[in-house]
Amino acid sequence: MLRRKRWLFAILAILPTLAIFAWLRMYPIFETLRLSLHKWDILSKNKPFIGLANFQELLKDRLFHEALLNTTIIAFGVLIITIPTAMVLAALIHYRTRSRVSGFYETAIFLPHVVSLVPAAMAWKWIFDARLGPLNAVLTFFGFEPQAWLFDPTLSIISVIVLCSWQALGYAVLIYLVGFKSLPVSLFEAAKLDGASGPQSFWFLSMPMLKPITLYVSVVTLVSGFNVYAQAFVLASDAQGAPGRQVRVLVLDMLENSFRNYRVGYAASEAVVLLLIVLVLTLIQFSLLRERGRA
Amino acid sequence: MSANPSSNPGGKRRRIRKMLVDRGIDVVLLVFSLLMLLPLVFLVSNGFKTPQEMLAWPPTIIPANPTIDNFAAVLQGTPLLRWIFNSIAFAVLSTLAILATSSIAGYILAKFRYRSLNVIFALVLATAIVPFEVYMIPLYFQAQSLGILNSLWGLLLGYLVMSFGIFLIRQNVIHSIPDELLEAARIDGAGELWIFFRIVLPLLRGALGALGVLAFFQAWTAFAWPMIVATNREAYTIEVGLALFQTGFTVDLGRLSAASALVLIPSISLFVILRRNFVQGVASTGLKE
């Protein structure tokens, strides 16, 4: 009787949350999968089933290819900049953890991660601005050619990578700091007694032991890199209003197909591709972690 | 370390070396921290500059003749305050909804062991992997059929629950609330609701604080969802308002910076005040195991 009552309480208490989950998460996820196999132009009532035709069209779609390529470059670019930098910074901050200013370091490096994205992107737009921006002024000062950062096809992607890395770094440093704090102190003392230098124990002890954290941060960074949108959107127009070069990314291409070209089914098939990428990355993470667990 | 360093010249040299290394690391970290902050500092300072000073090289950090013209122009030319209000209302309501759903669901999933609940937990776990961007288009049509596009409720629709919040609370309940405590309360005749409100919630205060800050900033910085849901000027959040405002052709950099600074200053202050909570929350995202 009592057991039955407790079970009832548990079910009743979790029901509202479960209902919201079913309604606002599971259903739209299912809809994305379903729509990707249908043709739907918003206006017409019927949505004919067309099998994998959307995906076949994606294979030939130049704009989609460009978006996929740009997004992949951005995601891996951010990864390559962020992970090593974050690891070294976290090691240095951890080393100086007892100094009075370590709180300042943490806050300063973390702040770009929390400030609103658009205002922060605005600051970078000014930095990259071809005529007014300090970046070109610095380049000219050192005798380099000024560059059209936001217009050149390659440079505009680099600009997005720089902006995203600036934002992603704080998160990675924070997670690494948690990792460093969890490492056994005795091990490092033993290494020190054996004459290992700071950089040596970083390279031979910390780095291998922090592998699970590196894996986790890498996957998180990559996944958020593949979802990049706002940064590309804001950097795309230059400060004086003249439209800059649009860095086409997956989410942008998807939204354009859905709301500008009214091809919702097609956009859904792009969303499915995004989902597959994220699933593969997550599976790689889990299988690598499990391998470690066995070893 | 050695017991008597002063009698040992090697130890003294080593100490001096250590001090030099420490100072060197401090310099590196200090320079790096300042570089990270520099874009934001310039943004705020640009907001106070006259158009002439904006063009000056090298850019000044403290404006020579600070002016508030940019701020006045922005506040007059755009419904900036309205956008800020929308963002705050959206973020506060989203935070409340996430705190409520996460605390109840997290507690139930941690302390009640039934097979049906395991299935529910597996489902929550599975949806957590899927990025919001993947299903936001169908979600948009759900909001449309409810007739809540361009409203606070439409914004809220995407931000009522947070899978990570449920994990976080579940982890916390498992680690910090012993079964014995709940059993003792039950033996004393306490009802399940009383236990949740009087025993569990107070013990979760720290975790809920961290989650609350996380949820608030998540909504405050949301971009793609508000961008598609809010299409009329009055319904924009501050992020969308600014992003679209900057694509206008007549906008100059001083005004843009002023508008951005107006948005940045409150969120930076809030972050500095709530830093402990925030860091705790974010740090726990990395400790899922």
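Definitions and limits used
- Residues numbered from 1 in each chain as written.
- Chains lettered and ligands numbered in written order.
- Predicted model: local features only at pLDDT ≥ 70, side-chain atom pairs only at ≥ 80, totals over all residues.
- Helix = DSSP H or I, 4+ residues; strand = E, 2+ residues; numbered from the N terminus.
- Rg over C-alpha atoms; globule rule 2.2 N^0.38 Å.
- Buried ≥ 20, exposed ≤ 12 C-beta atoms within 10 Å, placed from the backbone.
- Core = buried A, V, L, I, M, F, W, Y, C linked by C-beta atoms within 7 Å.
- Domains from an automatic or database assignment.
- Contact = placed C-beta atoms within 7 Å.
- Nonpolar A, V, L, I, M, F, W, Y, C, P; charged D, E, K, R; others polar.
- Axes fitted to C-alpha atoms, helices over the stretch in contact; angles between N-to-C directions.
- Parallel < 35°, antiparallel > 145°, perpendicular 65-115°, else oblique.
- Left-handed = near helix turned anticlockwise from the far one by under 90°.
- pLDDT = per-residue confidence, 0-100.

Helix and strand content of chain A: 13 helices and 0 strands. The secondary structure elements of chain A, listed N-terminal to C-terminal, are α-α-α-α-α-α-α-α-α-α-α-α-α. Expected size for 295 residues packed as a compact globule is a radius of gyration near 19 Å; at 24 Å, chain A overshoots this value by more than 25%. Expressed as lengths along the three principal axes of its C-alpha atoms, the size of chain A is roughly 80 × 75 × 35 Å. When the 295 residues of chain A are sorted by exposure, 43% land in the buried category.

Now for the overall build of chain B. Assigned secondary structure in chain B consists of 15 helices and 0 strands. What you see for chain B is a C-alpha radius of gyration of 26 Å, clearly larger than the 19 Å of a compact globule of 289 residues, by over 25%. Residues counted as buried form 40% of the 289 residues belonging to chain B.

Now for the nonpolar core. Looking at soluble globular proteins, one finds that nonpolar side chains tend to be buried together. Counting residues in each nonpolar core, the largest one holds 164 residues, and the members touching the most others are A121(A), V160(A), V173(A) and Y176(A). The biggest single contributor to this core is helix α7 (residues 153-182) of chain A, with 16 residues. Counting contributing residues, this core receives three or more from each of domain 1 (5-67) and domain 2 (72-285) of chain B. Those residues in contact with Y176(A) that sit more than four places away from it in its chain are A86(A), M87(A), A90(A), L210(A) and I213(A).

Here we take up the interface of chain B and chain A. If you look at the interface, chain B gives 76 residues, while chain A gives 74 residues. In terms of residue class, the side of chain B that touches chain A is built from 56 nonpolar, 14 polar and 6 charged.

Residue and element names in this part refer to chain B. Here the domain parsing of chain B yields domain 1 (5-67) and domain 2 (72-285). The C-alpha centroid of domain 2 is placed 35 Å from the C-alpha centroid of domain 1. Every contact between the two is made by 8 residues of domain 1 and, on the other side, 8 residues of domain 2. Listing elements by their share of the side of domain 1 that touches domain 2, those giving two or more residues are α1 (9-47) and α2 (51-54).

By the criterion of burial, helix α13 (residues 238-245) of chain B is predominantly enclosed, with 7 of the 8 residues buried. For α13(B), every residue scored as buried is listed here: I238(B), E239(B), V240(B), G241(B), L242(B), A243(B) and F245(B). As for α13(B), its buried residues are in contact with α5 (117-128) and α11 (230-235) of chain A together with α4 (80-111), α12 (224-229) and α14 (253-273) of chain B.

For any two helices packed against each other, one specifies the inter-axial angle together with the distance between the axes. Residue and element names in this part refer to chain B. Running from N to C, α13 and α14 cross one another at 165 degrees; their axes reach a closest spacing of 11 Å. Here α14 runs roughly antiparallel to α13, going by the angle between their axes. Crossing handedness for the pair α13 and α14: left-handed. Across the interface between the two elements, I238, L242 and F245 from α13 touch A259, S260 and V263 from α14. The class makeup of the residues in the contact of α13 with α14 is 5 nonpolar, 1 polar and no charged.

Attention now moves to the confidence of the model for chain A. All names here are of chain A. With 95% of its residues at a pLDDT of 70 or more, chain A has an overall mean of 88. Helix α6 (residues 134-141) is the least confidently modelled element of chain A, averaging 85 in pLDDT, while helix α3 (residues 62-95) averages 95, the highest of any element. Contacts of residues 238-242 to residues separated by more than four positions or lying in other chains number 13 contacts, the stretch itself having pLDDT below 50.

Turning to its location among the elements, P28(A) is positioned in helix α1 (residues 2-35). A C-alpha to C-alpha distance of 45 Å links P28(A) and R131(A), two positions 103 residues apart in sequence. When neighbours within four sequence positions are excluded, P28(A) is seen to be in contact with Y135(B), P138(B), L139(B) and Q142(B).

Before going further, it helps to examine unusual backbone geometry. Unlike most non-glycine residues, Y262(A) shows phi in positive territory, near 50 degrees. Of note, Y262(A) is situated in the loop between α12 (250-259) and α13 (264-294). What makes Y262(A) partly exposed here is the crowd of 14 C-beta atoms within 10 Å. One non-glycine residue, N150(B), lies in the positive phi region at around 60 degrees. Looking at where N150(B) falls in the secondary structure, it is placed in the loop between α6 (132-146) and α7 (152-157).

Here the focus is the packing of α3(A) against α12(A). Residues and elements named next belong to chain A. Contact geometry of α3 with α12 gives a least axis separation of 8 Å together with a crossing angle of 150 degrees. Relative to α12, the element α3 lies roughly antiparallel. Of the residues in α12, those touching α3 at L63, F64, A67, L68 and T71 are L250, L252 and D253. Classifying every residue of the contact of α3 with α12 gives 6 nonpolar, 1 polar and 1 charged.

A word on the confidence of the model for chain B. Residue and element names in this part refer to chain B. Confidence in the prediction for chain B averages 87 pLDDT; 93% of positions are at 70 or higher. Throughout residues 1-6 the model reports pLDDT below 50, and contacts reaching past four residues in sequence, or to other chains, amount to 5 contacts. The complex model carries a pTM of 0.89, and its ipTM stands at 0.88.

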